[in-house]
Amino acid sequence: MNISIIAVGKLKESYWREAVAEYSKRISRFAHFEIVELPESRLSDNPSDAEIASALQSEAKLMQPYLEKKGSINIAMCVEGKLISSEELAGEIDSAGVNGYSSVNFFIGSSYGLSDSVKKSCKLRISMSRMTLPHQLARVVLSEQIYRAMTINGGVRYHK
């Protein structure tokens, strides 16, 4: 199984990078794991709705090759998505493999989210919380949850 996080923006602080690197190492016991960082569109300090929409479309174009990758199931991480448990995430990843998918792609947008076109291209929309999380923290939390899902599916002692 190949698992990817396709995210807009870079992890700036070393502690975020170190946390993601630790979970990446742990996940690699179970699957090929990669994080693809796409450039974030530059916006003015007080962007208009049109400027935000244009930025989201530009970011969507960069995500398009990953959305069209054959054999992949795509999951949008977005605030209006479904709240699921760790066990449910494990089930989604497991059923992807059972149903013939070789890759699971998770999409994290910029601070303004994901374009509607990206969300519509995804089989599932997941929300991590009803609270607003910084995108850098969201990447760490998602990495940890992917690792937790892999331990659940692998019967490895970690999940409680």
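Residues numbered from 1 in each chain as written. Predicted model: local features only at pLDDT ≥ 70, side-chain atom pairs only at ≥ 80, totals over all residues. Heavy atoms only, no water.

Of all hydrophobic cores here, the largest spans 24 residues; its most connected members are Ile 3, Ile 5, Phe 106 and Ile 146. The set of elements that each furnish at least two residues to this core consists of strand S1 (2-8), helix H1 (14-27), strand S3 (72-83), helix H3 (86-98), strand S4 (103-108), strand S5 (124-127) and helix H5 (135-154). Here this core gets five residues from one element, more than from any other, and that element is H5. Here Ile 146 is in contact with Ile 3, Ile 5, Ile 27, Phe 33, Leu 89 and Phe 106, once residues within four sequence places are set aside. Ala 60, Leu 67, Cys 78 and Phe 107 belong to the second largest nonpolar core, which has 13 residues in total. (Core = buried A, V, L, I, M, F, W, Y, C linked by side-chain atoms within 4.5 Å. Buried < 20%, exposed > 50% of the residue type's maximum accessible area, 1.4 Å probe, protein only. Helix = DSSP H or I, 4+ residues; strand = E, 2+ residues; numbered from the N terminus. Contact = heavy atoms within 4.5 Å.)

With that out of the way, let us pick up the sheet that holds S4. Across the sheet, which stays open at both edges, the five strands sit in the order S2-S1-S4-S3-S5 with parallel pairing between neighbours. At either end of the open sheet lies a strand with only one pairing partner, and these are strand S2 (32-38) and S5. The average angle at which neighbouring strand axes cross in this sheet is 30°, direction not considered. Examined bridge by bridge, S3 and S4 share six bridges and lie parallel to one another. Counted as the bridge partner of Met 77 is Ile 108 from S4. Where helix H2 (residues 49-67) meets the sheet, its contacts fall on S1, S2, S3 and S4, and the angle it forms with S4 comes to roughly 170°. Packed onto the sheet, H3 meets S1, S3, S4 and S5 and runs at close to 135° relative to S4. (Pairing = 2+ DSSP bridges. Axes fitted to C-alpha atoms, helices over the stretch in contact; angles between N-to-C directions.)

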